[in-house]
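# Descriptive structure summary
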Amino acid sequence: MNEPHQPNRLNRELEGRVVVSLEQAVAAPYCSLLLADAGARVIKVERPEGDFARGYDRGAGGHSVFFAWLNRGKESIRIDLENPGDLALLKTMLQSADVFLHNLAPGALARRGLGGDDVRVRCPQLINCQISGYGADAAGRKAYDFLVQAEAGLCAVTGTAEQPSRVGVSLCDLATGLTAFSGILRALLQRRDGGGGIDLSVSLFDVIGDWMNMPLLSHRYLGGAPSRLGLTHALIAPYGAYQTADRKQVLIAVQSNREWRALCEGVLQNPALGRDPRFADNPKRVENRAAMDRAIDAVFGRKTRAGLMASLERARIACAPLSSVQDLSHHACLRNLDIRFGGATVSVADLPLQSDAERHREVPQLDQHGAALRREFKP
């Protein structure tokens, strides 16, 4: 007798769950993208003019490629919260939902009878997840990703000695969406084990505050936050980017004295340097970084990037090329997924966890499912 097929990867483990997501921009849409990929039915509720992320660009045949990345696999309905009929429709939808995800300004839903206590009267099992910038008590503050990066100190430890910088992707938004996703999964497990509905509140500031613990603890207990050093590490050496003969850059990360000696012997062809007391351990190498870098540059600068990478890999030194986005686009390790938005095809980097289920590929037009949803959830 044949055994039933057992999937060897994740496979629509949230099938049958319904998520109503009153969302815009990045953080909540990324969370609901992950929920949809796990098999949940995600109903994307949009303001009358649509999620403003629809207008970020026109790269997908007149539609936004960024919106396409974040919103595949969802149903779209346009709802005006100022319209009593639409508000009643949303409340009816929530009675059939497992999760209510939203990232409107704190207090905006409570004023319309959609706060946690209000919805739980009608929907005692509902998981109500609010995403905000600075927490539920910080009403009135607009919170965009780069503002939170700045206020939470991330920019202060990013960039060069001369100039702070924002991280080049929407790190706070994406980290918060991922954190909300994990919280919703925990709440679903708790509810399955006999718990009821729950209110979750996740803020961009709290999430990135947690992720800032390394520099924060350095400030509190180790004499100060690390300096901005571009691609160099303040407390580890050698750890940074070095230029090659073909004017490209290679990053190396030496984490132990054994690796330092292997670098000197196998790549620099200078075993004596590995025994030099100026570089005997990591604190000494940090202290004498300039002399150490001159010795490394003298060798790296005579090699092409390809030749140097081969030498470093033979010596088992952690290394990587400094890639451009063009390099990433053609990288052998990058898994891509073609998705469809209207008549356009957009190739995006696939989600990191592979699944036996087919990936969602369709991106909804504004209110594409509105008529059907209004019939389904008619108050």
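Before going into details, it helps to say that this report is about the structure given with it. Computed from a predicted model, the values in this text were never measured in an experiment. Sequence order as written defines the numbering, with residues in each chain counted from 1. Whole-chain, interface and lining totals are the exception, using all residues; otherwise, since this is a predicted model, local features are given only for residues with pLDDT of at least 70 and side-chain atom pairs are given and counted only at 80 or more. With hydrogens and water set aside, each side-chain value is computed from the structure's full complement of heavy atoms.

Along the backbone of the chain there are 15 helices and 11 strands. Principal-axis analysis of the C-alpha atoms gives the chain an extent of 80 × 55 × 50 Å. Relative to its full complement of 379 residues, the chain shows a buried share of 44%. Within the chain, contacts between residues separated by at least 24 positions form 67% of all contacts whose residues are at least 6 apart in sequence. The Shrake-Rupley method, run with a 1.4 Å probe, gives the accessible areas here. Residue values count only the displayed protein chains as cover. About 19800 Å² of surface is accessible on the chain, with carbon and sulfur atoms providing 52% of the total. Charged residues are defined narrowly, with Lys and Arg counted positive, Asp and Glu counted negative, and His plus the chain ends left uncounted. A single reference atom marks each charge: NZ on Lys, CZ on Arg, CG on Asp, CD on Glu. If you average the places of the 46 positive and of the 42 negative side-chain charges in the chain, the two averages end up 4 Å apart. Secondary structure follows DSSP: runs of H or I at least 4 residues long count as helices, runs of E at least 2 residues long count as strands, and numbering of each begins at the N terminus. Summary of the burial criterion: residues with accessible area below 20% of their type's maximum are buried, those above 50% are exposed, and those between are partly exposed, where the area comes from a 1.4 Å probe applied to protein chains only. It only takes one pair of heavy atoms within 4.5 Å for two residues to be counted as in contact.

This paragraph deals with the nonpolar core. To define a nonpolar core, start from buried Ala, Val, Leu, Ile, Met, Phe, Trp, Tyr and Cys residues and group those joined through side-chain atoms within 4.5 Å. With 38 residues, the main nonpolar core has Cys31, Leu35, Leu101, Ile131 and Ile184 as its most contacted residues. Mapped by element, the contributors of at least two residues to this core are α1 (27-37), β4 (99-102), β5 (127-132), α6 (171-192), β6 (198-203) and α7 (204-211). The residues contacting Ile131, other than those within four sequence positions of it, are Ala27, Ala28, Leu101, His102, Asn103, Leu104, Thr176, Ala180, Val202 and Leu204.

On to the packing of aromatic side chains, then. A pair of Phe, Tyr and Trp rings is counted when the ring centres sit within 6.5 Å of each other, with Trp represented by its six-membered ring. The angle between the planes then sorts it: under 30 degrees is stacked, over 60 is edge-to-face, the rest tilted. A complete count under the given rule lists 5 aromatic pairs for this structure. Taken together, a centroid distance of 5.8 Å and an interplanar angle of 65° make the contact between Trp260 and Phe279 edge-to-face. One end of the pair, Trp260, is in helix α9 (residues 257-266); the other, Phe279, is in the loop between α10 (271-275) and α11 (282-287), with 19 residues separating them in the sequence.

Turning our attention to the pattern of salt bridges. The salt bridge criterion pairs a side-chain nitrogen of Lys or Arg with a carboxyl oxygen of Asp or Glu, the two atoms within 4 Å. Inspection of the entire model under this criterion finds 20 salt bridges. Across the pair Arg17 and Asp98 runs a salt bridge whose closest N-O atoms are separated by 3.8 Å. Taken together, the residues Arg17 in the segment before β1 (18-22) and Asp98 in the loop between α3 (84-95) and β4 connect sequence positions 81 residues apart. In this structure, the salt-bridge partner of Arg41 is Glu75, at a minimum N-O distance of 2.7 Å. Highlighted residues: Arg41 in strand β2 (residues 41-46) and Glu75 in strand β3 (residues 75-78), separated in sequence by 34 residues. Its relative accessible area of 18% is what places Glu75 among the buried residues.

Another aspect to go through is the pairing of β4. With burial as the criterion, each face of β4 is covered, one bearing Val99 and Leu101 and the other bearing Phe100 and His102. The criterion for strand pairing is that DSSP finds at least two bridges linking the strands in question. Sheet topology note: the β1/β4 ladder contains 4 bridges and is parallel. Residue pairing in the sheet places Ser21 in a bridge with Leu101 of β4. Direction of pairing for β4 relative to β5: parallel, over a ladder of 4 bridges. The residue of β5 that forms the bridge with Leu101 is Cys129. Crossover handedness is defined here as right-handed if the route from the first strand over the helix to the second strand goes clockwise, with the strands pointing away from the viewer. Assessed by its sense of winding, the connection that carries the chain from β4 through helix α4 (residues 116-122) to β5 is right-handed.

Attention now moves to the side chain of Lys44. Secondary-structure assignment places Lys44 in strand β2. Within polar-contact distance, the side chain of Lys44 engages the side chain of Glu23 at 2.7 Å. By the criterion applied in these results, polar contacts are pairs of N or O atoms within 3.5 Å in which, for protein atoms, one can donate a hydrogen and the other can accept it, and in which residues neighboring in sequence qualify only through two side-chain atoms. A polar contact is formed between the side chain of Lys44 and the side chain of Asn71, at a distance of 2.8 Å. With residues near it in sequence (within four places) discarded, Lys44 still touches Ser21, Glu23, Pro29, Asp51, Phe67, Asn71, Lys74, Glu75, Ser76 and Ile77.

On to unusual backbone geometry. The omega angle of the peptide bond from Ala237 to Pro238 is -10°, so this bond is cis rather than trans. Mapped onto the elements, Pro238 comes out in the loop between α8 (213-221) and β7 (239-243). Here Arg12, not a glycine, exhibits a phi torsion of approximately 50°, which is positive. Mapping Arg12 onto the fold places it in the segment before β1. Look at Asp367: it is not a glycine, yet its phi comes out positive at around 65°. Note that Asp367 resides in the loop between β11 (344-349) and α15 (370-376). A relative accessible area of 25% means that Asp367 is categorised as partly exposed.

All right, on to the packing of α1 against α6 then. Taken N-terminus to C-terminus, the directions of α1 and α6 make an angle of 45°; their axes are 7 Å apart at the nearest point. Between α1 and α6, the angle is such that the two are oblique. In the crossing of α1 with α6, the sense of the turn from one axis to the other is right-handed. On α6, the residues touching Ala27, Tyr30, Cys31, Leu34 and Leu35 of α1 are Asp173, Leu174, Thr176, Gly177, Leu178, Ala180, Phe181 and Ile184. Each residue gets one label: Ala, Val, Leu, Ile, Met, Phe, Trp, Tyr, Cys and Pro are nonpolar, Asp, Glu, Lys and Arg are charged, and the others, such as Gly, are polar. Partitioning the contact of α1 with α6 into residue classes produces 10 nonpolar, 2 polar and 1 charged. Each axis is a line fitted through C-alpha atoms, taken for helices only over the stretch in contact, and angles between the N-to-C directions span 0 to 180 degrees. By definition in this entry, angles of less than 35 degrees are roughly parallel, angles greater than 145 are roughly antiparallel, angles of 65 to 115 are roughly perpendicular, and the rest are oblique. Left-handed describes a crossing whose near helix is turned anticlockwise from the far helix by less than a right angle; the clockwise case is right-handed.

Spatial strand order, β3-β2-β1-β4-β5-β6: 6 strands in an open sheet with parallel pairing. Looking at strand neighbours, the two that pair on one side only are β3 and β6, the edges of this open sheet. Neighbouring strand axes in the sheet, compared pairwise and without regard to direction, differ in orientation by 20° on average. Inspection of the sheet shows β5 paired to β6 by 6 bridges, in the parallel sense. From the neighbouring strand, Ile131 faces β6, where its bridge partner is Val202.

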